[in-house]
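Each chain is listed here by its residues.
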Amino acid sequence: MVQKSETIWFNGKQVPWDEANVHVLTHALHYGTAVFEGIRAYECADGSSEVFRLHEHMVRLVNSAKILGLVLPYTADELCEAAVETLKRNKLAGAYVRPLVFVGEGAMGVHPGQNPIETIIAAWPWGAYLGEEALEKGIKVKVSTFNRHHVNVMMTKAKASGNYVNSVLAKTEAVADGYDEAILLDTTGHVSEGSGENLFMVLNDIIYTPHTDGVLGGLTRDSIISLAGDLGYEVREEPITRDMLYTADEVFFTGTAAELTPISSIDRRQIGNGAAGPVAKLLQTEFFKIVKGENQDYEHWLYRYQV
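Definitions and limits used
- Residues numbered from 1 in each chain as written.
- Predicted model: local features only at pLDDT ≥ 70, side-chain atom pairs only at ≥ 80, totals over all residues.
- Heavy atoms only, no water.
- UniProt positions renumbered as here; feature names shortened; annotations may be inferred.
- Helix = DSSP H or I, 4+ residues; strand = E, 2+ residues; numbered from the N terminus.
- Rg over C-alpha atoms; globule rule 2.2 N^0.38 Å.
- Buried < 20%, exposed > 50% of the residue type's maximum accessible area, 1.4 Å probe, protein only.
- Contact = heavy atoms within 4.5 Å.
- Areas by Shrake-Rupley, 256 points an atom, 1.4 Å probe, with all protein chains shown as cover.
- Domains from an automatic or database assignment.
- Buried area = accessible area lost by both parts, 1.4 Å probe.
- Salt bridge = Lys/Arg side-chain N within 4 Å of Asp/Glu carboxyl O.
- Polar contact = N/O pair within 3.5 Å; in protein donor to acceptor, adjacent residues only side chain to side chain.
- Nonpolar A, V, L, I, M, F, W, Y, C, P; charged D, E, K, R; others polar.
- Phe/Tyr/Trp six-rings, centres within 6.5 Å; stacked < 30°, edge-to-face > 60°.
- Expected span 1.5 Å × (residues − 1).

The name given to the protein in an unreviewed UniProt entry is Branched-chain-amino-acid aminotransferase, and the organism recorded there is Pseudodesulfovibrio indicus. Under the Cofactor (unreviewed entry) heading, UniProt states for the protein: "pyridoxal 5'-phosphate".

Okay, structure coming up:
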């Protein structure tokens, strides 16, 4: 269950959590006409707080709205300010932040007509998405029977709510079959991503990840690619097949919610030593130093604030 905060930023105003409501005929509820972001704020070692790559997330939100043809009445900078205002108002030193832009009530056909564009930013405390234990021991994953969208079927570079029905189907199937998560292949049969995460594979100390052609280019993914390069690893963005995953030394997910979560098995085949491998452990350690404000080389990724 989501732990309620005091207020939600709703169209420019702080509204009490339980009053941030919409009508049941809201267009986005029926047709998925919405875009969103997932962002994390962390409490730093010096007592301050920071939002990780906040501006980049808000730029992606603006771009997602543009791809769907939604006229967003706020700039990325204004949305950054609203997110920090919401964190401060709710006295959240660390939190998950969820901006959402959606088509509101009005016309009920597929075409939204002149329906209003609504914007909210909510924030609440949220721990490890796949569980604290998963960060060390890893998770069990299956290759889904559902494929990731073809690039000309859905707008795969938009973080659009409607796209995530695909993710819901894959995740629900995986959990029902006794797994923690799913890996989706693209329509060519190559590895794409998880239901809400990007994927990396390690073989002979080389890190591989699917090219952005077939995935949503995650900001945690981008951060891990940069960090791995700075640590001296070679990172290759290229096609990955399902059987390559089975014989990899390590496989792990990245994402705002998942952070960096190792994969212990895929389709009941143990990966590496069946827990977090040395590359994943190192990247985890260094990533958490960055988000806790302990590595000044990456200070430009942090949007600082004080509760």
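Resuming the write-up.
J.: Quick question: what am I supposed to make of the overall build of the protein here?
T.: The secondary structure content of the protein amounts to eight helices and 17 strands. Over its C-alpha trace the protein gives a radius of gyration of 19 Å, about what one expects of a compact globule, namely 19 Å for 307 residues. Principal axes of the C-alpha set define a box for the protein whose edges measure 55 × 50 × 30 Å. Counting every position in the protein, which comprises 307 residues, the buried fraction comes to 52%. If you take every contact in the protein between residues at least 6 apart in sequence, the share linking residues at least 24 apart comes to 70%. Of the roughly 13,800 Å² of accessible surface on the protein, a fraction of 53% belongs to carbon and sulfur atoms.

J.: Would you mind showing me how to read the domain arrangement of the protein here?
T.: For interface size, the figure often reported is the accessible area lost on association. Split by domain assignment, the protein resolves into domain 1 (7-124) and domain 2 (132-291). Just the C-alpha atoms count here: the centres of domain 1 and domain 2 sit 26 Å apart. Taken together, the 21 residues of domain 1 in the interface contact 20 residues of domain 2. Sorting the residues of domain 1 by area buried against domain 2 places Phe36, Phe52 and Arg60 first, and these three jointly supply 33% of that buried surface. In this structure, the connection of domain 1 to domain 2 is made through two salt bridges. There are 12 residue pairs in polar contact (both at pLDDT 80 or more) connecting domain 1 and domain 2. The set of elements that each furnish at least two residues to the side of domain 1 that touches domain 2 consists of strand 3 (34-36), strand 4 (39-43), strand 5 (49-52), helix 2 (54-68) and strand 6 (95-103). Considering only residue class, the side of domain 1 that touches domain 2 consists of 11 nonpolar, four polar and six charged.

J.: Could you clarify how one ought to interpret the packing of aromatic side chains in this entry?
T.: How two aromatic rings sit relative to each other is set out by the distance from centre to centre and by the angle between their planes. In this structure the tally under the stated criterion is 11 aromatic pairs. With 6.5 Å between their ring centres and 85 degrees between their planes, tryptophan 17 and tryptophan 124 make a pair best called edge-to-face. Of this pair, tryptophan 17 sits in the loop between strand 2 (13-16) and helix 1 (27-31) while tryptophan 124 sits in strand 7 (residues 117-124), and the two are 107 residues apart along the sequence. Here phenylalanine 52 and phenylalanine 287 contribute two aromatic rings whose centre-to-centre distance is 5.5 Å and whose plane-to-plane angle is 85 degrees, an arrangement assigned as edge-to-face. Taken together, the positions of phenylalanine 52 in strand 5 and phenylalanine 287 in helix 8 (residues 278-291) put the pair 235 residues apart, joining distant regions of the chain. Grouping residues by exposure puts phenylalanine 52 and phenylalanine 287 together as buried. Three or more aromatic residues link up through ring pairs in this structure, and these residues are Phe52, Phe287, Phe288, Tyr298 and Trp301.

J.: Would you take a moment to explain the side chain of serine 265 for this structure?
T.: Secondary-structure assignment places serine 265 in strand 15 (residues 259-266). On the basis of relative accessibility, which here comes to 12%, the residue serine 265 falls in the buried class. Here serine 265 is in contact with Ile139, Lys140, Val141, Gln270 and Ile271, once residues within four sequence places are set aside.

J.: Even after reading the chapter, I still don't get helix 6 (residues 219-230), so can you show me in this structure?
T.: Because an α-helix packs 3.6 residues into every turn, residues spaced three or four apart end up facing the same way. With 12 residues, helix 6 extends 17 Å from end C-alpha to end C-alpha; this agrees with the ideal 16 Å at 1.5 Å per step. The set of residues buried in helix 6 consists of Leu219, Thr220, Arg221, Ser223, Ile224, Ile225, Leu227 and Ala228. One or two residues past the end of helix 6 sits glycine 232, with phi positive at roughly 95 degrees.

J.: Explain helix 8 to me, please; I cannot follow it from the model alone.
T.: Across its 14 residues, helix 8 extends 20 Å between first and last C-alpha, which sits within 8% of the 20 Å expected from 1.5 Å per residue. Taken residue by residue, helix 8 has Val279, Ala280, Leu283, Gln284, Glu286, Phe287, Ile290 and Val291 as its buried positions. Note on helix 8: the residue one or two positions beyond its end, glycine 293, has a positive phi of about 75 degrees.

J.: What's the story with the side chain of threonine 7 in this structure? I'm lost.
T.: Among the structural elements, threonine 7 can be located in strand 1 (residues 7-10). Overall, threonine 7 belongs to the buried group, its relative accessible area being 3%. At 2.7 Å, the side chain of threonine 7 and the side chain of glutamine 14 are in polar contact. Every residue in contact with threonine 7, bar those within four places of it in the chain, is listed here: Gln14, Val15, Pro16, Trp17, Thr86, Arg89 and Asn90.

J.: When you look at unusual backbone geometry in this model, what are you seeing that I'm missing?
T.: The residue glutamate 259 is not glycine, and still its phi comes out positive at about 55 degrees. Inspection of the secondary structure puts glutamate 259 in strand 15. The phi dihedral of arginine 268 falls on the positive side, at around 65 degrees, and the residue is not glycine. With respect to the helices and strands, the residue arginine 268 is situated in the loop between strand 15 and strand 16 (269-270).

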